[in-house]
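# Architecture at a glance
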Amino acid sequence: MKKFLDLISEEMKQAFEASGYDRELGKVTLSNRPDLCEYQCNGAMAGAKLYKKAPLMIAQDVAEKCKDSKAFSSVEAVPPGFLNLKVKESFVTDYLTKMCHEPKFGLEMPENPSRIIVDYGGPNVAKPLHVGHLRSAVIGESIKRIARYAGHDVIGDIHLGDWGLQMGLIITELKERQPDLLYFDDTYQGDYPKEAPFTISELEEIYPTASNKSKEDPAYKERAMEATFKLQSGVRGYRALWDHIISVSVADLKKNYQDLNVDFDLWKGESDVHDVIPGMVDYMKKEGYAYISDGALVVDVKEETDTKEIPPCMILKSDGASLYNTTDLATIMERMREYHPDRMIYLTDKRQELYFEQVFRCARKTKLVEPETDLLHIGFGTMNGKDGKPFKTREGGVMRLEILIKEINDEMYRKITDNRQVDEEEARQTAKVVALSAIKYGDLSNQASKDYIFDIDKFTSFEGDTGPYILYTIVRIKSILNKIKEQGGTLEGAVLRQADSDAEKALMLEMAGFNAMMETAYQESAPHKICAYIFELANAFNRFYHETKIVAEENEEKKSGWVALLLLTRDILETCIDVLGFAAPERM
Ligand code: ARG
């Protein structure tokens, strides 16, 4: 279905054409003087130069032609030559009615959907998730859902860090502690136990211990490197131990991501491409892309137009070991083979920008991807504390994600139960749902590339540009609808009517912009545009609500029109928050 702005632009274009001017001048935009008009067209200003005519005269000609317009109730030519526009109430109602009957409120679906892989989350196994992992998960999940809603075929892949030195470190530390474990007996031929010889909490303590030891003790580090090598070359006991590390860790990760309402289609990791690497390396050598420099195997990726130095992409270290790059490139190769995506989107901290530039260039140069395959890195900024420095615990340590979520849940619970008699269990449940909106909206409402301040007080507030405010608005709508039902009214068959008041019309116009907004959010991979939209929409609804006695209205037809309006507002808001990755409770 055509976008609302395009539809009214089309009318304006016809008016320009009918007055003998270039139709392209008739582009309509939202008004930047909402006190004067709803939309505006500045085409006459641009036309003045073209036709050597006063802009006001052009605007007047065009306004004259709009007298019988289907769309506009008022077209005013104002000095120096702007066209101030208001649309007809009936026109908006017709548009919204059509939106209600179309799938996805009339958002146009692509003729050829793209296959998109979103690489996000990216946790490292055996390490607890901390706040640094929050943004990748939250933004990535939303980007995935937006693309899916926009009609594309989207696969989310967690891309676990499950293969490097960290694995060797854990194995080494385990061996220090329990040298007699079956896994370290080279002569053992039988099956290994199904139970892991450690719990997740032990695992989470083992890694930092090992990591610290390796920094202080070169011999220890040497052993860890050897363990990594043994693991990667397939030593049975090491593999079996690694399997335990992965399954214990993944079970815990799944729980954590579930709490965030984040879910992945693929739980692949760096280890999955281990066997792809030798073939890729041979290919890069054979085709002459890769060469040895200081013992390492590298591919040059600098380009003539570079204004800054882009170092070569290292494929293998001088000891023949693979690196972070190597697994990413092999993963690209594997993804092309297995899924043939049109696009791959990566979400990481923006400090990895140069890294991805190198990897993408290398993938293009070595033809691991098609010329038209789109590779996109979305680098996000840092989540800071109120002091403007990277978010820490009160003691100054790295905050575990679980703890952060718990703190927000508790704060939300406190707010919900403040001065009220509530059912404890229900309140806990509601607090969780609302807390998630606070966290996600707080993050997503910022442009991803910017740093932002994680402000618990602000994010959990029911007022202002926050998740809880949006949920509060949705719950308010639900409760009005419930009241109407309790009074014996029905929600079935409600039909939209023409707006009675400015507030009602403003709400309707806000909703008419849904599909254009969603299209932009997809094209620009910009969840913050959805946040900005629902904030405006919620404001428009609340203005209307405060002015209108909906439940007490006696004119049944009018009331039914409002029911239809409420249903549409609720549905659009709930669609938007679902795409952002959170939900609204029934009550709060
Ligand atoms: N595990 C990595 C890290 O902790 C993030 C992975 C991001 N994704 C990727 N394909 N490189 O930094």
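Described below are features of the structure shown in this document.

Procedures and definitions
Residues numbered from 1 in each chain as written. Predicted model: local features only at pLDDT ≥ 70, side-chain atom pairs only at ≥ 80, totals over all residues. Heavy atoms only, no water. Near = heavy atom within 4 Å. Polar contact = N/O pair within 3.5 Å; in protein donor to acceptor, adjacent residues only side chain to side chain. Areas by Shrake-Rupley, 256 points an atom, 1.4 Å probe, with all protein chains shown as cover. Helix = DSSP H or I, 4+ residues; strand = E, 2+ residues; numbered from the N terminus. Nonpolar A, V, L, I, M, F, W, Y, C, P; charged D, E, K, R; others polar. Buried < 20%, exposed > 50% of the residue type's maximum accessible area, 1.4 Å probe, protein only. Pairing = 2+ DSSP bridges. Disulfide = S-S within 2.5 Å. Phe/Tyr/Trp six-rings, centres within 6.5 Å; stacked < 30°, edge-to-face > 60°. Lys NZ or Arg CZ within 6 Å of the ring centre and 35° of its normal.

## Digging into the site of the ligand
Surrounding the ligand, one finds D119, G122, N124, H159, Y324, D328, Y346, T348, Q352 and F356. Between the ligand and the protein, one listed contact pairs a nitrogen atom with a side-chain N or O atom of D328 at 2.7 Å. Burial of the ligand by the surrounding chains reaches 83%, relative to a free accessible area of 350 Å². Among the elements of the structure, α11 (324-338) and β10 (343-349) are those that each provide at least two residues to the shell around the ligand. Class assignment for the residues of the shell around the ligand results in three nonpolar, five polar and two charged.

## A short note on the pairing of strand β11 (residues 374-380)
Of all the seven residues making up β11, five are buried; the element is thus mostly covered by neighbouring parts of the structure. Examined bridge by bridge, β10 and β11 share seven bridges and lie parallel to one another. Bridge pairing links D349 to F380 in β11.

## Some details on the state of the cysteines
Per the counting criterion, the structure on display carries zero disulfides. With no disulfide of its own, C37 lies closest to C41 among cysteine sulfurs, the gap being 11 Å. C37 gets classed as buried once you look at its relative accessible area, which sits at 3%. Unpaired in terms of disulfides, C313 finds its nearest cysteine sulfur in C362, a separation of 4.2 Å. Under the relative-accessibility criterion, C313 is labelled buried at 0%.

## Re the packing of aromatic side chains
Scanning the model with the defined rule gives 30 aromatic pairs in all. Pairing F16 with Y21 gives two aromatic rings, centres 6.4 Å apart and planes at 70°, and the pair type is edge-to-face. Classification of F16 by relative accessible area gives buried; the value is 0%. For the ring pair Y257 and W267, a centre distance of 6.4 Å and an interplane angle of 70° mean the geometry is edge-to-face. Remark: W267 occurs in the loop between α9 (236-259) and α10 (277-286) and Y257 occurs in helix α9; sequence separation between them is 10 residues. Each residue in the set Y324, Y346, Y355, F356 and F360 is aromatic and connected to the rest through ring pairs, giving one cluster. One residue, K254, lies across the ring of W267, its end atom 4.8 Å from the ring centre. Above the face of the Y413 ring, R428 is positioned so that its terminal group lies 3.7 Å from the ring centre.

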